[in-house]
Amino acid sequence: MRCHGSSTASFSVVMNWFSRVLLRQNAGAFSFQSKIQHQHRHGKPLAARVSSFQTELCRPMNTRLYVTNEKTLHEVIRPYEQDHLLDPFDILRDLSSNQNDNNQEISKIPIPLPTHLSPTSLETFRKCPQAFFFLYILKLTPDPPMTPQLARGIICHKALEEVFDLSPENRSLVNLENLFRREWNKLRGDRREDALGGNSDLNEKDEGYQFLFRECDGSLNSFHDIEAEIDWGKSSLELLRKYYNELEDPKNVDSPNPLMREMWVQAQFPLDNYNDTNEYVVRGKIDRIDVLQGHSGKLLLNIIDYKTGKKPHFKYSESANERIAQEQVWKMKVYALILWKMILHTDKTSEQSTGFGHEGQSYQKGHFKYSMPWVLQQKLMQVMAGAKQNQRWSDILELKLLRLMYLTSHLDDPSSKGKAAYLDSSLGCSSSEFHSIIDRTELEVQTIAKDIKILVDKQSPHAFQHCNWKYCSCHGIRRKFRPGSVFQSHDSDL
């Protein structure tokens, strides 16, 4: 439900049913709570069955049940699964057969070169080539595919997006929290005691939400840990309270901001000898874009990203702190690069359309997806009161600031003391500084794309080496593979 300009009273009536859902220990939605706890105390866990949230190409992984709560994370693997370790070329064969209309047997499966990348996949490759291989070439899902932390981030983002669908007077903290509750209530699935039983149909698109906050006894039996879910929900709502009280009051965010929310951006990048077309696409989603009027008459665009994790604690040397800060904003720079390329592409297609008649119109239709979204152009025109005339967008717009909005921080950080905090990064104080940052970021993206191609050209899973960061997903996924089928360093104990 989205309310545009509705009164506070009407919105409160519609949202009243939230008093019966998440985080209310005596709520009607949890009327079965006492029965669950009674069965748990008497050693009678709930029947469970494994969801189909793993992709078909990972058939051996379909039989795993991942169980999480705020304090524990473990996997239940039945004995016969030890005979079903993965092989990278078997997975590639499955991927190829799914794409092969004739379903013909393929004798030798090549490792494919990705033609579509994202800021996240580029960053993953920078940090761990093996994780990139697992996640973006073999298309595997991290174990488990959903965690409480990931679910919190997804749902907080959704609430922070939808709160701006409300009129300013309705953007209260209560309604922000209710948006979170509503989204979680949709995703959490059926938590009745027979919800995972053999006759229950799980949503095929489920991404693992239904298996959150379930504990297991080593078989297919599990029970719903409602206390863990409530604790998770309370801590999640606390992040939204910090945003509201310590970062910004959404009632005070004046129109036309946020200018755009959850906006997809994509751009083509040329690279000689990369593939048959000598180009690849980088695509991603920007959480939010705000616009300000500059003193020079230009429109200043700020790119904003919400972070439910803690702001980095800059407690090291100046050089180390600078490196950490740059790592945090690197993906944001890639988003700025993509958006700027879209602005330039919009100008180019406009000139083609004007200068070459029908031929230009055909060119524009074939390349519109790499231009600025039409709704963004219309909103900018409204900000300018239609004064664009024949000016190019690149002469009107200036990308000014990258802002990370952390909803919490470290308690021992003297600069924030556990509060929500900003981390801002300027895109330069002059045109030359801006273009220097953009050009350097594009060079870094091109270098990563070249390095990806170098490893793919070797046509060996061993070319993609793992990192030594103990929290990287590569270590958990690598243990699912047949020994020797992927790279494993001899001195690594991970």
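The notes below deal with the structure included here. (Residues numbered from 1 in each chain as written. Predicted model: local features only at pLDDT ≥ 70, side-chain atom pairs only at ≥ 80, totals over all residues. Heavy atoms only, no water.)

Glancing now at the overall build of the chain. Helix and strand counts for the chain come out as 14 helices and 11 strands. For the chain, the residues scored as buried account for 51% of the 494 residues in total. Restricting the contact set of the chain to residue pairs at least 6 apart, pairs at least 24 apart contribute 69%. For the chain, the accessible area works out to roughly 24,800 Å², and carbon and sulfur atoms hold 49% of it. (Helix = DSSP H or I, 4+ residues; strand = E, 2+ residues; numbered from the N terminus. Buried < 20%, exposed > 50% of the residue type's maximum accessible area, 1.4 Å probe, protein only. Contact = heavy atoms within 4.5 Å. Areas by Shrake-Rupley, 256 points an atom, 1.4 Å probe, with all protein chains shown as cover.)

Bringing the pairing of strand β9 (residues 299-311) into the picture now. Sheet topology places strand β8 (residues 279-293) next to β9; 6 bridges connect them, and they run antiparallel. Directly across from I289, in β9, lies its bridge partner I303. Connecting β8 to the next strand, β9, in antiparallel fashion are 5 residues, including G297 with a positive phi near 95°. Inspection of the sheet shows β9 paired to strand β10 (residues 397-409) by 11 bridges, in the parallel sense. Residue Y306 lies in a different strand from β10, and its bridge partner there is M405. (Pairing = 2+ DSSP bridges.)

Let's shift gears to the pairing of strand β11 (residues 421-426). Every second residue of β11 is oriented toward a common face, the buried set being A421, L423 and S425 and the non-buried set Y422, D424 and S426. As judged from the 6 bridges shared by β10 and β11, these two strands associate in the antiparallel manner. Pairing of L402 across the sheet is with S425, part of β11.

Now for the pattern of salt bridges. Scanning the model with the defined rule gives 23 salt bridges in all. Note that R288 and E248 form a salt bridge whose closest N and O atoms lie 2.6 Å from each other. Of this pair, R288 sits in strand β8 while E248 is found in the loop between α8 (226-247) and β7 (260-270), placing the two residues 40 residues apart along the sequence. Classification of R288 by relative accessible area gives buried; the value is 2%. One salt bridge connects R323 with E327, and the closest N-O pair in it is separated by 3.0 Å. Here E327 and R323 lie together in helix α9 (residues 318-355), a separation of 4 residues that amounts to about one turn. (Salt bridge = Lys/Arg side-chain N within 4 Å of Asp/Glu carboxyl O.)

Take the packing of aromatic side chains next. With the rule as written, the count across this model stands at 15 aromatic pairs. Geometrically, the ring pair formed by W184 and Y209 is edge-to-face, given 6.4 Å between the ring centres and 65° between the ring planes. One end of the pair, W184, is in helix α7 (residues 173-187); the other, Y209, is in the loop between α7 and β5 (214-216), and 25 residues separate them in sequence. You'll find W184 and Y209 in the same group, each marked buried. Ring geometry for Y274 versus Y280: centroids 5.0 Å apart, planes at 45°, classification tilted. Given a relative accessible area of 1%, Y280 falls into the buried group. (Phe/Tyr/Trp six-rings, centres within 6.5 Å; stacked < 30°, edge-to-face > 60°.)

Looking now at the packing of helix α4 (residues 119-127) against helix α5 (residues 129-137). Contact geometry for α4 and α5: axes closest at 5 Å, N-to-C directions at 140°. The pairing of α4 with α5 is recorded here as oblique in orientation. Contacts between α4 and α5 involve T120, S121, T124, F125 and K127 on the former and, on the latter, P129, A131, F132 and Y136. Tallied by class, the residues present in the contact of α4 with α5 amount to 5 nonpolar, 3 polar and 1 charged. (Axes fitted to C-alpha atoms, helices over the stretch in contact; angles between N-to-C directions. Parallel < 35°, antiparallel > 145°, perpendicular 65-115°, else oblique. Nonpolar A, V, L, I, M, F, W, Y, C, P; charged D, E, K, R; others polar.)

What follows covers the packing of α7 against α8. Interhelical geometry of α7 versus α8 gives an angle of 140° and a closest axis separation of 10 Å. As α7 runs across α8, the sense of the crossing is right-handed. Residues L173, L176, E177, F180, R181 and W184 of α7 pack against E229, W232, S236, L237, L240, R241, Y243 and Y244 of α8. (Left-handed = near helix turned anticlockwise from the far one by under 90°.)

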